[in-house]
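# Working through the structure, step by step
Read off the chains here:
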There are 2 protein chains.
Amino acid sequence: MNEESFVASLLGRLRDDPSLSRGLLVGPGDDAALLQPSRESLVVTTDLLSDEVDFLVDRAAPELIGRKAIAVNLSDLAAMGARPAAAVVSVLLPRGRRGGVLAEKMVEGMLPILRAYRTSLAGGDTNSWPGKLAVSVTAFGYVPAKKAFLRTGARPGDRILVTGALGGSIHRRQFTFCPRVPEALFLRERGVVRAAMDISDGLLLDLSRLANASNVGFRLDLENIPIHGDVDLFPPAEKRSPLEHALGDGEDFELILAVSPDDAAGLLAEQPLVPKKEAKRSTAKKSSAAKSFTSFCADQGFPPPEGVLLTDIGEFLPREKGFLQTDQAGKTRPLKKFSGWEHYF
Amino acid sequence: MNEESFVASLLGRLRDDPSLSRGLLVGPGDDAALLQPSRESLVVTTDLLSDEVDFLVDRAAPELIGRKAIAVNLSDLAAMGARPAAAVVSVLLPRGRRGGVLAEKMVEGMLPILRAYRTSLAGGDTNSWPGKLAVSVTAFGYVPAKKAFLRTGARPGDRILVTGALGGSIHRRQFTFCPRVPEALFLRERGVVRAAMDISDGLLLDLSRLANASNVGFRLDLENIPIHGDVDLFPPAEKRSPLEHALGDGEDFELILAVSPDDAAGLLAEQPLVPKKEAKRSTAKKSSAAKSFTSFCADQGFPPPEGVLLTDIGEFLPREKGFLQTDQAGKTRPLKKFSGWEHYF
């Protein structure tokens, strides 16, 4: 299969699928794509995934590689509070038949997640070359300028909230995670987020980046860190503790959020991001807010949400306090440099 | 040099250079870039350049590779009649010191052309990997939706105009060409362009694509094809004629334009795209239009234009006429499949 026939076949599929060309006045096939104007601000992000760095082509299904290439970019849009609009995809394919098979399978992984998050496929480029597989995606979205979630907005006293649970993503979640797009849009509508960032390089590293950007310190409640069950998938000989995995593994693609104490208390009391399944645990909490996130997703055309918990994991502090931790015994001291991420500081 | 320090150094340079952050509400360094809203339609294009396909890393200066990666994308924006706004750049770097040196030199080639064409650097990504050099750029710009140049607008009877001269770009112009951004914007303001496309794969192949998209045929006046002086740089033993080079070489990054006969006659009489130097040749033609393109470029902040000629190279025909050529003797017949591009049909 050559590039021209691969592209022709893909263009044919796109033409038959209006859910992948929403907002495109001109789709792939001209010199460039033309998108309908928006009154909102444009948000642009790009992420590059390459063999032996972000995946192992001999171990990961190409469908999952394609899915991940889209998902990591959507996670960045979510971290800005932006609604996804479109993406362009460039792929470097190993020469020969294998490259063509990889391309087709990667597309099979890309299209469903693009559809699920209402993201059009606006264009792309492919090169067959005497090298390894790599894929570069640029995603576009929109947000009212003053409502964008930046890394710079955290203030001393704000609570640190995190979506979902952390650690062990290398086993499978790095490929299968659901970018927190509906959650971000729901929280944006509530107007409670002062700063946000997605976790790609590990909670500690990314939280420290957010704190540096906001010129604040923080104190982390170690006993409140939500640890994902996937950390149990490490072999028993694994040296790091579950907590260390949650703090340092990365590729969680959960959101770190800075929220005022009052707003945080409100969110946690409602747990608006805990629809259906989770909400059933407590009849008292089967709140209208919980229902409202489920219906928000339905209204916006997103997939029905899974039970996403928001967890309060600490507080932002004045800059001069530095980075602190409070351990299970309630003792607060400077943040310990766990093995596995200390080179980041 | 690791990625973090390279990026930090680049961000420092960008912060000091407002001409590279025009229109950015939030530039590189957050989860994504945030751009100020536009009332116009967004135009998005992406092009991937890779070692051994689009350049040879051992022969081309990395500054020129960086420049080309930006320029080919700006050429696509020009082909849409769009004003460039910003670009994001992803680079795959060979591991080790060499990759870091390549990255720094490529940036040196990128920044001047971004500045010249008033394009902000909105973000990017770099991966060091056990592979070859590749660079993916996504550029975006704006155009009033109904004024975009599409491939679909050519009508039977329209003249085929081309900017500049063709052939021999492999010697140097593939790296040094000036994307026809100011020319495209100037012509867009005149409202005369019915269809356009840039020449990346050769005049014949790209013209046939434009004709297919517009569902028309065409007749090419072979004796009017503007042949670039660079074709003389081929060795004497070279088998293809200068005309064949002009028709098939590709990477000219000139514009093919469909213009009504009246508008074409008007443009050619004025030669509005022939400022200063060229205009001096004929005192009669030192027209206000010629001056107006020069002052257009000055007003818009683009570099002073070189002498760009528009040439009438034929006409679009009803679809059923197919693709024809008129040779030097005035004889018209079906377009000959020259060696070098016949595999395209």
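A brief report on the enclosed structure follows. Just so you know, these numbers come straight off a predicted model, no measurement behind them.

## A short note on the overall build of chain A
Along its length, chain A carries 10 helices and 13 strands. Whereas a compact globule of 345 residues would reach a radius of gyration of roughly 20 Å, chain A reaches 21 Å, a difference of no more than 12%. Dimensions of chain A along its principal axes, counting C-alpha atoms only, are 65 × 45 × 40 Å. The contacts in chain A between residues at least 6 apart in sequence include a share of 83% that link residues at least 24 apart. With an accessible surface of roughly 13,900 Å², chain A has 50% of that area assigned to carbon and sulfur atoms. The average position of the 43 basic charges and that of the 44 acidic charges among the side chains of chain A differ by 4 Å.

## A word on the packing of aromatic side chains
Residues and elements named next belong to chain A. Under the defined criterion, the tally for this structure stands at 14 aromatic pairs over all chains. Geometrically, the ring pair formed by Tyr 117 and Phe 302 is tilted, given 6.3 Å between the ring centres and 45° between the ring planes. One end of the pair, Tyr 117, is in the loop between helix H3 (97-116) and strand S5 (120-129); the other, Phe 302, is in the loop between helix H10 (288-300) and strand S11 (310-318), with 185 residues separating them in the sequence. Here Phe 302 falls in the buried class, since its relative accessible area comes to 6%.

## Brief notes about the relation of the copies chain B and chain A
Mapping chain B onto chain A calls for a screw motion: a turn of 180° about the axis and a shift of 0.0 Å along it, with 0.0 Å RMSD after fitting. Here the two chains are linked by the operation of a two-fold rotation axis. Both copies share a contact surface, since 100% of the interface residues of chain B are interface residues in chain A too.

## Quick notes on the sheet that holds strand S4 (residues 83-94) of chain A
A sheet is described by the order of its strands in space; here six strands give the open sequence S5(A)-S4(A)-S6(A)-S3(A)-S2(B)-S1(B), paired in mixed fashion. Strands with a single pairing partner mark the edges of an open sheet, and in this sheet they are S5 of chain A together with strand S1 (24-26) of chain B. The average undirected angle you get between the axes of adjacent strands in this sheet is 20°. In the sheet, strand S3 (residues 41-50) of chain A pairs with strand S2 (residues 33-35) of chain B via three bridges, with the strands oriented antiparallel.

## Describing the pattern of salt bridges
Residues and elements named next belong to chain B. With the rule as written, the count across this model stands at 42 salt bridges over all chains. In this structure, Arg 13 and Glu 108 form a salt bridge, with 2.5 Å as the shortest nitrogen-oxygen distance. One end of the pair, Arg 13, is in helix H1 (residues 3-15); the other, Glu 108, is in helix H3 (residues 97-116), with 95 residues separating them in the sequence. Given the relative accessible area of 35%, Arg 13 is considered partly exposed. Residue Arg 209 pairs with Asp 206 through a salt bridge whose shortest N-O separation is 2.9 Å.

## As for helix H2 (residues 62-79) of chain A
Residues and elements named next belong to chain A. End to end, H2 covers 26 Å across 18 residues, agreeing with the expected 26 Å (1.5 Å per residue, within 8%). The element H2 is extensively covered by neighbouring structure, given that 16 of its 18 residues are classed as buried. Following H2 by one or two positions, Gly 81 has its phi on the positive side, about 75°.

## Some remarks on the packing of H2(A) against H3(A)
All names here are of chain A. Look at H2 against H3: their axes get within 6 Å of each other, and the N-to-C directions meet at 40°. By the angle between their directions, the pair H2 and H3 is classed as oblique. Remark: the crossing between H2 and H3 carries right-handed chirality. Between H2 and H3, the residues in contact are Pro 62, Glu 63, Ile 65, Gly 66, Arg 67, Ile 70, Ala 71 and Leu 74 and Leu 102, Lys 105, Met 106, Glu 108, Gly 109, Met 110, Ile 113 and Leu 114, respectively. Here the contact of H2 with H3 is built from residues that sort into 10 nonpolar, two polar and four charged.

## Things to note about the interface of chain B and chain A
Accessible area lost upon the coming together of the parts is a frequently used measure of interface size. Between chain B and chain A, the contact holds 61 residues from the first and 61 residues from the second. In this structure, the salt-bridge partner of B:Arg151 is A:Asp30, at a minimum N-O distance of 3.7 Å. Our enumeration of links across chain B and chain A arrives at 28 residue pairs in polar contact (both at pLDDT 80 or more). Contributing elements (two or more residues each) for the side of chain B that touches chain A: S1, S2, strand S3 (41-50), helix H2 (62-79), strand S4 (83-94), strand S5 (120-129), strand S6 (134-143) and strand S8 (193-198) of chain B. A per-element tally of the side of chain B that touches chain A places S3(B) first, with 10 residues. Residues that form the side of chain B that touches chain A fall into these classes: 31 nonpolar, 14 polar and 16 charged.

## Digging into unusual backbone geometry
Leaving glycine out, the prevailing phi sign among residues is negative, and the prevailing peptide bond configuration is trans. Residue and element names in this part refer to chain B. The phi dihedral of Asn 215 is positive, around 55°, even though this residue is not glycine. Position of Asn 215 among the secondary structure elements: in the loop between helix H6 (203-214) and strand S9 (216-221). Although it is not a glycine, Glu 251 sits at a positive phi angle of roughly 55°. Turning to its location among the elements, Glu 251 is positioned in the loop between helix H7 (242-248) and strand S10 (255-259).

## Considering the sheet that holds strand S13 (residues 332-334) of chain B
All names here are of chain B. Read across the open sheet, the seven strands follow the order S8-S10-S7-S11-S9-S12-S13; overall the sheet is mixed. Each edge of the open sheet carries a strand with a single partner, namely S8 and S13. Here the strands of the sheet are splayed against their neighbours by 30° on average, with no regard to which way each runs. The pairing of S9 with strand S11 (residues 310-318) spans five bridges and is classified as antiparallel. Bridging from a neighbouring strand, Leu 220 pairs with Gly 314 of S11. Against the sheet, helix H8 (residues 261-270) touches strand S7 (159-163), S10 and S11, its axis set at about 35° to S7.

## As for the side chain of A:His245
Residues and elements named next belong to chain A. Looking at where His 245 falls in the secondary structure, it is placed in helix H7 (residues 242-248). Residue classification places His 245 among the buried residues on the basis of a relative accessible area of 1%. Polar contacts involving the side chain of His 245 include one to the side chain of Glu 238, which spans 3.1 Å. Excluding its chain neighbours within four sequence positions, the residues that come into contact with His 245 are Gly 167, Val 231, Phe 234, Glu 238 and Arg 240.

## Notes on the packing of H1(B) against H3(B)
All names here are of chain B. Relative to each other, H1 and H3 sit at 20°, their axes nearing to 12 Å. Put simply, H1 runs roughly parallel to H3. Crossing of H1 against H3: the hand is right-handed. For the pair formed by H1 and H3, the contact residues are Phe 6, Leu 10, Arg 13 and Leu 14 on the first element and Ala 103, Glu 104, Val 107, Glu 108 and Leu 111 on the second. The class makeup of the residues in the contact of H1 with H3 is six nonpolar, no polar and three charged.

## Looking at the pairing of S11(B)
Residue and element names in this part refer to chain B. With seven of nine residues buried, S11 lies mostly within the body of the structure. Pairing analysis gives five bridges linking S7 to S11, with the strands arranged antiparallel. Following the sheet pairing, Leu 161 is matched in S11 by Asp 312.

## What to know about the side chain of A:Thr163
Residues and elements named next belong to chain A. Among the structural elements, Thr 163 can be located in strand S7 (residues 159-163). On the basis of relative accessibility, which here comes to 0%, the residue Thr 163 falls in the buried class. Looking at Thr 163, its side chain comes within polar contact range of the side chain of Glu 254, at 2.5 Å. Among the polar contacts listed, one links the side chain of Thr 163 to the backbone nitrogen of Leu 255, at a separation of 2.8 Å. Every residue in contact with Thr 163, bar those within four places of it in the chain, is listed here: Arg 180, Glu 254, Leu 255, Leu 257, Val 308, Leu 309 and Leu 310.

What counts, and at which threshold
Residues numbered from 1 in each chain as written. Chains lettered and ligands numbered in written order. Predicted model: local features only at pLDDT ≥ 70, side-chain atom pairs only at ≥ 80, totals over all residues. Heavy atoms only, no water. Helix = DSSP H or I, 4+ residues; strand = E, 2+ residues; numbered from the N terminus. Rg over C-alpha atoms; globule rule 2.2 N^0.38 Å. Contact = heavy atoms within 4.5 Å. Areas by Shrake-Rupley, 256 points an atom, 1.4 Å probe, with all protein chains shown as cover. Lys, Arg positive; Asp, Glu negative; His and termini not counted. Charge placed at Lys NZ, Arg CZ, Asp CG, Glu CD. Phe/Tyr/Trp six-rings, centres within 6.5 Å; stacked < 30°, edge-to-face > 60°. Buried < 20%, exposed > 50% of the residue type's maximum accessible area, 1.4 Å probe, protein only. Least-squares fit on C-alpha atoms with pLDDT ≥ 70 in both. Pairing = 2+ DSSP bridges. Axes fitted to C-alpha atoms, helices over the stretch in contact; angles between N-to-C directions. Salt bridge = Lys/Arg side-chain N within 4 Å of Asp/Glu carboxyl O. Expected span 1.5 Å × (residues − 1). Parallel < 35°, antiparallel > 145°, perpendicular 65-115°, else oblique. Left-handed = near helix turned anticlockwise from the far one by under 90°. Nonpolar A, V, L, I, M, F, W, Y, C, P; charged D, E, K, R; others polar. Polar contact = N/O pair within 3.5 Å; in protein donor to acceptor, adjacent residues only side chain to side chain.

Remember, this is a structural readout, not a statement about activity or role.
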